[in-house]
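Structure assessment
Single-letter residue listing:
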Amino acid sequence: MADLKSTFLDVYSTLKSDLLQDPSFEFTHESRQWLERMLDYNVRGGKLNRGLSVVDSYKLLKQGKELTDKETFLACALGWCIEWLQAYFLVLDDIMDNSVTRRGQPCWFRQPKVGMIAINDGILLRNHIHRILKKHFKGMPYYVDLVDLFNEVEFQTACGQMIDLITTFDGEKDLSKYSLQIHRRIVQYKTAYYSFYLPVACALLMAGENLESHTGVKDVLIDMGIYFQVQDDYLDCFADPETLGKIGTDIEDFKCSWLVVKALERCSEEQTKILYENYGKSEPSNVAKVKALYKEIDLEAVFMEYERESYEKLTKLIEAHQSKEIQAVLKSFLAKIYKRQK
């Protein structure tokens, strides 16, 4: 894995160098420096799970055969396209949520002299994806499918963000709008498509597969993405911020979190009143009351049971798939997220 990660990071350096020398724009020394710093801060700084998953998935689809240097480079480049997409979403998401930290450091827009320039940086990150695809994949038989895939997933994610934002609109704090169905819709579109389906879809296209023949695989990955986000909602509240790499703010942000939805299902009338009075307020005392209520109704145990059931259901679905290679891809994804701490 360490070896793959160093190869992956080498490919980042190549892609970054291409973008800093892009012939479609005349860079000044200052603009090139800005771009390099912005890329290193936002693209390179994550756990790289999504990107590395493209390479892992492609290897498994090739039945563990040794990849050529070109295949490795292309799989890594596609992985980085997903990391670029992630960076683009997060830079803008942090502004929309007025977040403080990301990956254990201040959000990009909170850096000195950055501020709202970060919005344009987000747009640049989005454009870079198609610069990379054009430069390295244009001659490939699956190029058009790749472009279509990235456009489709970006659209789905932006729509998921829209549902999230209008459901949690600051001036209309109404917990009665929240339900498991709404939570699932937000998560499916905002997280599951780009975090789970996209890496596998990239690997399938590279392996010469037709994505329309793999709708069952997509369904399993979407379910896995929903399970992942429920874990995220749980960790936002219950994990140590140092382990998590960020300070959870779902309660203050009035997020349609799995925890609040389950709390609404389980609370007595009196407890529901406490939730309505305190959820979505940023004062530490309000947040503490919500967290105390979560403990009172034992949401930790509810989550543990949900995690067990999800794991069993997903394992059953994966083992029902006729292709051993695809089973291996899906099992490797599930193993990475089961009982994660961050």
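Treat the numbers as computed from the prediction; the structure is a model and nothing was measured.

1. Looking at the pattern of salt bridges
- Per the counting criterion, the structure on display carries 21 salt bridges.
- Its salt-bridge partner being Glu36, residue Lys16 comes within 2.9 Å of it at the nearest N-O pair. Pair noted here: Lys16 is in helix H1 (residues 2-20) and Glu36 is in helix H2 (residues 29-42), with a separation of 20 residues, a long-range link.
- Put simply, Lys262 and Glu265 hold a salt bridge, and the shortest N to O gap is 3.0 Å. Within this pair, Lys262 and its partner Glu265 are both found in helix H10 (residues 258-266), separated by three residues, close to a single helical turn.
- The class for Glu265 is partly exposed, based on a relative accessible area of 49%.
- Salt bridges linked by common partners bring Asp93, Asp94, Asp97, Arg102, Asp164, Lys190 and Lys255 together as one network.

2. Thoughts on helix H12 (residues 284-296)
- Compared with the 18 Å implied by 1.5 Å per residue over 13 residues, the 18 Å span of H12 between its first and last C-alpha is a close match.
- Every buried residue of H12 is listed here: Asn286, Val287, Val290, Leu293 and Tyr294. Buried positions in H12, seen along its axis, are confined to an arc of 120 degrees and lie on one side of it. Among the exposed residues of H12, those pointing more than 90 degrees away from its buried face are Pro284, Lys295 and Glu296.
- Considering only its buried residues, H12 is in contact with helix H8 (215-238), H10, helix H11 (269-278) and helix H13 (299-319).
- Immediately beyond the C-terminal end of H12, within one or two residues, lies Asp298, with a positive phi of roughly 55 degrees.

3. Focus on unusual backbone geometry
- The backbone of Leu48 sits at a positive phi, close to 65 degrees, despite the residue not being glycine.
- Mapped onto the elements, Leu48 comes out in the loop between H2 and helix H3 (49-61).
- Residue class for Leu48 comes out buried when judged on its relative accessible area of 3%.
- Phi is positive for Arg103, close to 55 degrees, though the residue is something other than glycine.
- On the secondary structure map, Arg103 appears in the loop between strand S1 (101-102) and strand S2 (105-106).

4. A word on the confidence of the model for the protein chain
- When pLDDT is averaged along the protein chain, the result is 93; 98% of the residues meet or exceed 70.
- By mean pLDDT, the top-scoring element of the protein chain is helix H5 (residues 117-137) (98), and the lowest-scoring one is helix H9 (residues 241-244) (72).

5. Points about the packing of aromatic side chains
- A full pass over the atoms with the stated rule returns 21 aromatic pairs.
- Measuring from centroid to centroid gives 4.4 Å for Phe8 and Trp80, while their planes differ by 15 degrees, and the two rings are stacked. Taken together, the positions of Phe8 in helix H1 and Trp80 in helix H4 (residues 69-97) put the pair 72 residues apart, joining distant regions of the chain.
- Residue classification places Phe8 among the buried residues on the basis of a relative accessible area of 0%.
- The class for Trp80 is buried, based on a relative accessible area of 0%.
- Taking the centre distance of 6.2 Å and the plane angle of 80 degrees together, the rings of Trp80 and Trp84 count as edge-to-face. One end of the pair is Trp80 and the other is Trp84, both in helix H4 and four residues apart, which spans about a single turn. As far as burial versus exposure is concerned, Trp80 and Trp84 are alike and both buried.
- Put simply, the rings of Tyr227, Tyr234, Phe238, Trp258, Phe303 and Tyr306 pair up and form one aromatic cluster.
- A cation sits over an aromatic face here: Lys336 above Phe333, 5.4 Å from the ring centre.

Parameters at a glance
Residues numbered from 1 in each chain as written. Predicted model: local features only at pLDDT ≥ 70, side-chain atom pairs only at ≥ 80, totals over all residues. Heavy atoms only, no water. Salt bridge = Lys/Arg side-chain N within 4 Å of Asp/Glu carboxyl O. Helix = DSSP H or I, 4+ residues; strand = E, 2+ residues; numbered from the N terminus. Buried < 20%, exposed > 50% of the residue type's maximum accessible area, 1.4 Å probe, protein only. Expected span 1.5 Å × (residues − 1). Arc of directions from axis to C-beta. Contact = heavy atoms within 4.5 Å. pLDDT = per-residue confidence, 0-100. Phe/Tyr/Trp six-rings, centres within 6.5 Å; stacked < 30°, edge-to-face > 60°. Lys NZ or Arg CZ within 6 Å of the ring centre and 35° of its normal.

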